[in-house]
Amino acid sequence: MRIYFFIAAIAGGATFLLTPLVRHLAIEFGAVGEVRARDVHKVPTPRMGGVAMMLGFLVSMCFASHLSLTEGLFHDNLQPVVIAVGAVLICLLGVCDDRWDLDWMLKLSGQLIISVFVAWGGLKVVSLPFGSLVATSPSISMAVTAILIVASINAVNFVDGLDGLASGIVAIGGIAFAIYSYIIARNSPSYASMATMIDVALVGICVGFILHNWHPAKLFMGDSGSMLLGYLVTCASIVMTGRLDPTTIHASIYLPVFMPILLPILVLFLPVLDMILAIVRRVSKGQSPMHPDRMHLHHRMLRIGHTVQGAVLILWGWAALISFGSIMILFFKAQYVAIGFAIATILLTVATLYPYARRRIPEIREENAALAAARATNGRPKHSTDTVIEDEQTPKEGKA
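All figures in this text were calculated on a predicted structure; none of them were measured in a lab. (Residues numbered from 1 in each chain as written. Predicted model: local features only at pLDDT ≥ 70, side-chain atom pairs only at ≥ 80, totals over all residues. Heavy atoms only, no water.)

Colleague: So what's going on with the UniProt feature "binding site: Mg(2+)" (unreviewed entry) in the protein? Residues and values would help.
Modeller: Using the residue numbers shown here, the UniProt feature "binding site: Mg(2+)" (unreviewed entry) corresponds to Asn 157 and Asp 223. Separation in sequence by 67 residues is not matched in space for these annotated residues, since their most distant C-alpha atoms are only 6.6 Å apart. Its place among the elements puts Asn 157 in helix H5 (residues 138-159). On the basis of relative accessibility, which here comes to 16%, the residue Asn 157 falls in the buried class. Among all residues touching Asn 157, those that are not within four sequence positions of it are Lys 107, Asp 223 and Ser 226. Structurally, Asp 223 is set in helix H8 (residues 222-243). (UniProt positions renumbered as here; feature names shortened; annotations may be inferred. Helix = DSSP H or I, 4+ residues; strand = E, 2+ residues; numbered from the N terminus. Buried < 20%, exposed > 50% of the residue type's maximum accessible area, 1.4 Å probe, protein only. Contact = heavy atoms within 4.5 Å.)

Rendered as structure tokens:
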């Protein structure tokens, strides 16, 4: 366990130290986004922070390859190399978008090509949860892997709208992943786990970057960062399926947590939900699925009265509830988990709606008072003097 903490610390420290340098390079490179109508920030801010995160991840992998616990994961195994190369490629694609704002079709094509390359290199889904645990054919496995990677990449990209939001949500999901993958690794002769190693490095680079990205942010992660995080989350979940033996793990635990079809939905529930809502909303209006708007979940949080920091913290809370709710059943009885989940849901719901209720309740009271006053005035009987005045003001017949 201490080795994994060390890997996370290396990843976080390297990212934190490299971020100011990357910020300077982003300004020199011209990767400074103009303030758009849908943006929350008001000052042009450099992007391309994903480069620092990518470098932090690579540094942590280099250290892990020389540590006693994890060095065996790199011997006669191309997966670490394939994952690292894919991380560099997806980050470079994001850099191009941060600098030149690529067309969404071009960007999606690049994501698919990189995902297929990673799947072809050996990082593939082992099984599919349709009815039972059935090994897939290589072609289907490669296709499912590519689809999962592209979906996760864009889910994180969609939710990256507030300072620290995307990196915090991914860090929370990475912690949940790391805990579960570490538990599975304890059933093997060696505690070493590629999935756990990726997860803890992922958490490290997120925490190291948040220290520079908290509102008001000095640097945005940009597409180079959001796509990298989505890519690494999916890589960790796919690697996990390769370590699992369905004959030794009960299906009630295996299916809901380990299947790569469900893991991105559980851990990245908010980004996936936001992405689905955005696609449905835009397609129903006849727009492109990638057409930008101000209707994302974080925009709605700001609209009901939350500050940027408050909205981020509450969305972190929802992410933690959903991510850790899936693994708490390993440590506590199901009924206790259900009770805790229900209580946390109520508390988060109150916190989410509090600014709206605080502003809306006085408005409702004022509206009700005005309506009552209007009804009282309209219901008051007219006096005789009122009638005389009205008659005098009415022009008589025959007058010019």
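Colleague: Outline the side chain of Ser 115, listing residues and values.
Modeller: Among the secondary structure elements, Ser 115 is positioned in helix H4 (residues 104-120). Within polar-contact distance, the side chain of Ser 115 engages the backbone oxygen of Gln 111 at 2.7 Å. When neighbours within four sequence positions are excluded, Ser 115 is seen to be in contact with Ala 146, Ile 149 and Val 150. (Polar contact = N/O pair within 3.5 Å; in protein donor to acceptor, adjacent residues only side chain to side chain.)

Colleague: Break down the nonpolar core for me, with residues and values.
Modeller: Ranked by size, the top nonpolar core spans 88 residues in total, and within it Ile 83, Leu 229, Tyr 231 and Leu 232 carry the most contacts. Sequence-distant contacts of Ile 83, defined by excluding residues within four places in its chain, comprise Phe 57, Leu 123, Ile 198, Tyr 231, Leu 232, Cys 235 and Val 239. (Core = buried A, V, L, I, M, F, W, Y, C linked by side-chain atoms within 4.5 Å.)

Colleague: Before we move on, could you go through H4 and cite the residues and values that matter?
Modeller: An ideal rise of 1.5 Å per residue puts 24 Å on 17 residues; H4 measures up with 24 Å between its terminal C-alpha atoms. Every buried residue belonging to H4 is among Lys 107, Gly 110, Gln 111, Ile 114, Ser 115, Val 118 and Ala 119, and all of these are buried. One side of H4 carries all its buried residues, which in axial view fall inside an arc of 165 degrees. Facing away from the buried side of H4, by more than 90 degrees, are the exposed residues Leu 106, Ile 113 and Trp 120. Capping the start of H4, Asp 103 holds a side-chain oxygen 3.0 Å from the backbone nitrogen of Met 105, two or three residues further along. (Expected span 1.5 Å × (residues − 1). Arc of directions from axis to C-beta.)

Colleague: Can you explain the pattern of salt bridges? Please cite residues and give values.
Modeller: The full count for this structure, using the stated rule, is three salt bridges. Salt-bridge contacts for Arg 47 lead to Asp 101; the nearest nitrogen and oxygen are separated by 3.7 Å. On the criterion of sequence distance, the pair formed by Arg 47 in the loop between strand E2 (45-46) and helix H2 (50-64) and Asp 101 in the loop between helix H3 (79-100) and H4 is long-range, its members being 54 residues apart. The residue Lys 107 makes a salt bridge to Asp 97 at a minimum N-O spacing of 3.5 Å. Placement of the pair is Lys 107 in helix H4 and Asp 97 in helix H3, with a sequence separation of 10 residues. Look at Lys 107 and you get buried, because its relative accessible area is 11%. Here the salt bridges share partners, and the residues they tie into one network are Asp 97, Lys 107 and Asp 223. (Salt bridge = Lys/Arg side-chain N within 4 Å of Asp/Glu carboxyl O.)

Colleague: Can you tell me about the packing of aromatic side chains, naming the residues and giving the values?
Modeller: Per the counting criterion, the structure on display carries five aromatic pairs. An angle of 75 degrees between the planes, with centres 6.3 Å apart, marks the rings of Phe 6 and Phe 63 as edge-to-face. In this pair, Phe 6 sits in helix H1 (residues 2-29) while Phe 63 sits in helix H2, placing the two residues 57 residues apart along the sequence. With centroids separated by 6.5 Å and ring planes inclined at 35 degrees, the aromatic side chains of Phe 117 and Trp 120 adopt a geometry described as tilted. With Phe 117 and Trp 120 both in helix H4, this residue pair falls three residues apart, about one helical turn. A relative accessible area of 30% means that Phe 117 is categorised as partly exposed. The ring of Phe 29 carries Arg 99 above its face, with NZ or CZ at 5.8 Å from the centroid. (Phe/Tyr/Trp six-rings, centres within 6.5 Å; stacked < 30°, edge-to-face > 60°. Lys NZ or Arg CZ within 6 Å of the ring centre and 35° of its normal.)

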